[in-house]
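Residues per chain are reported as follows:
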Amino acid sequence: MAAMTPTPAPTASDAADTAPGSGAAPAGATARTRAPRRRPRPRVWRAAVLLLAGAYFLVPLLASFVFTVHVPGQGISFEAYTELLAADGFTESMLLSLGLAAATIATSLLLAVPALVAVRLGSPRLRPVVEVMCMLPLVVPPIALVTGITTVLRWGPEHLSRTPLYQTFLAVQDERFPVVLVLAYTVLALPFVYRSLDAGLRAVDVPTLVEAARSCGASWPYVVLRVLLPNLRASLAGAAFLTLALVLGEFTIASLLGFRPFAVWIVTISGAHARMSVAVSILSLLITWLLLLLLSRAGTNPATVSSAPRTSPTSRKES
């Protein structure tokens, strides 16, 4: 008969540890279920990077502003800003640049949107060809582009003087509104417009939207204007954003062709009125930022989110 060894009776502490109602758990289980500690986020580094970036952009602006308002021997003076509106050519050049920017945005979008939608729907194999054609202005420098434009403008009136095209060559060079600058700026803006619209079309299921609208009896203009363009609102605003910044800051083509938009006018007065030219530069930056904020605001449509019908859980169950 085997010897029976007595088992020790459970103590009160052991009973409390193993009680079903108690919140305590064994030490091994606690160590296993303990979540690993997360490393603290580098908020200090983020703040430092933001401060450095802000200083990089704001310190030159502040230095320029101080240069425009501080006159040695006289103290603080705002004459550089008060004389802007009365300066010769300020209003004309500013309105010309804004008109050129609006015409360039409209022309580039009218060319790019139908082409990219047609490639997306009808022939996706042509997408690399269209991409290469739109990216060519990044390869050709503006100085080479303006040389070719000048050669064509000189060749046309000499050889087409007895044809109706002679008046066309003269009309595109009108100093009040040079259409030739719109054409040149459209070519320069094509890479940025293409990238922005291509990203928007990739994010939208264009074939499904078009097939659904066409099956409901919608015409092609209605499909483009009321179905596709609202879904490309952010991409259109981005394309307009980049085109506006390009046109307002472009100097080479306009200067070599002999026109005087806002950027050329700033350089023209910089020699005689240094403070006024810096003041105009600061003002142009503020106007550009304001217009870009308006375009970015136009790219967001909060009303479309809030106007969607809300269905309660009970109605979903009943349906």
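Everything here concerns the structure above.
Residues numbered from 1 in each chain as written. Predicted model: local features only at pLDDT ≥ 70, side-chain atom pairs only at ≥ 80, totals over all residues. Heavy atoms only, no water.

1. Brief notes about the environment of threonine 168
Going by this rule: Secondary structure is summarised from DSSP: a helix means a run of H or I of at least four residues, a strand means a run of E of at least two, and numbering begins at the N terminus for each. Think of it in three bands: residues with accessible area under 20% of the maximum for their type are buried, residues over 50% are exposed, and the middle band is partly exposed, with areas taken using a 1.4 Å probe on protein chains only.
If you trace the backbone, threonine 168 turns up in helix α8 (residues 165-171). For threonine 168, a relative accessible area of 41% gives the class partly exposed. It is 9.5 Å that separates the C-alpha atoms of threonine 168 and glycine 156, two residues lying 12 residues apart in sequence.

2. Here we look at helix α6 (residues 127-139)
Going by this rule: Given the number of residues in a helix, its expected span is that number minus one, multiplied by 1.5 Å. For this analysis, residues touch if any pair of their heavy atoms sits within 4.5 Å.
In this model α6 runs 19 Å from its N-terminal to its C-terminal C-alpha over 13 residues, within 8% of the 18 Å that 1.5 Å per residue would give. Those residues of α6 lying buried are Val130, Glu131, Cys134, Met135 and Pro137. Of the surrounding secondary structure, the elements contacted by the buried residues of α6 are α5 (90-121) and α9 (179-203).

3. What about the pattern of salt bridges?
Basically, it comes down to this: One speaks of a salt bridge when a side-chain nitrogen belonging to Lys or Arg is within 4 Å of a carboxyl oxygen belonging to Asp or Glu.
Counted under the stated rule, the structure contains five salt bridges. For glutamate 131, the salt bridge is made with arginine 127, and the minimal N-O distance between the two is 3.8 Å. Taken together, the positions of glutamate 131 and arginine 127, both in helix α6 and four residues apart, correspond to about one turn of that helix. On the accessibility criterion, arginine 127 (24% relative accessible area) is partly exposed. A salt bridge links arginine 202 to aspartate 198, with the shortest nitrogen-to-oxygen separation between them at 3.0 Å. Separated by four residues within a single helix, arginine 202 and aspartate 198 lie in helix α9, roughly one turn from each other. By sharing partners, the salt bridges in this structure join Arg127, Glu131, Arg195, Asp198 and Arg202 into a single network.

Scope: geometric values only; no functional claims are made or implied.
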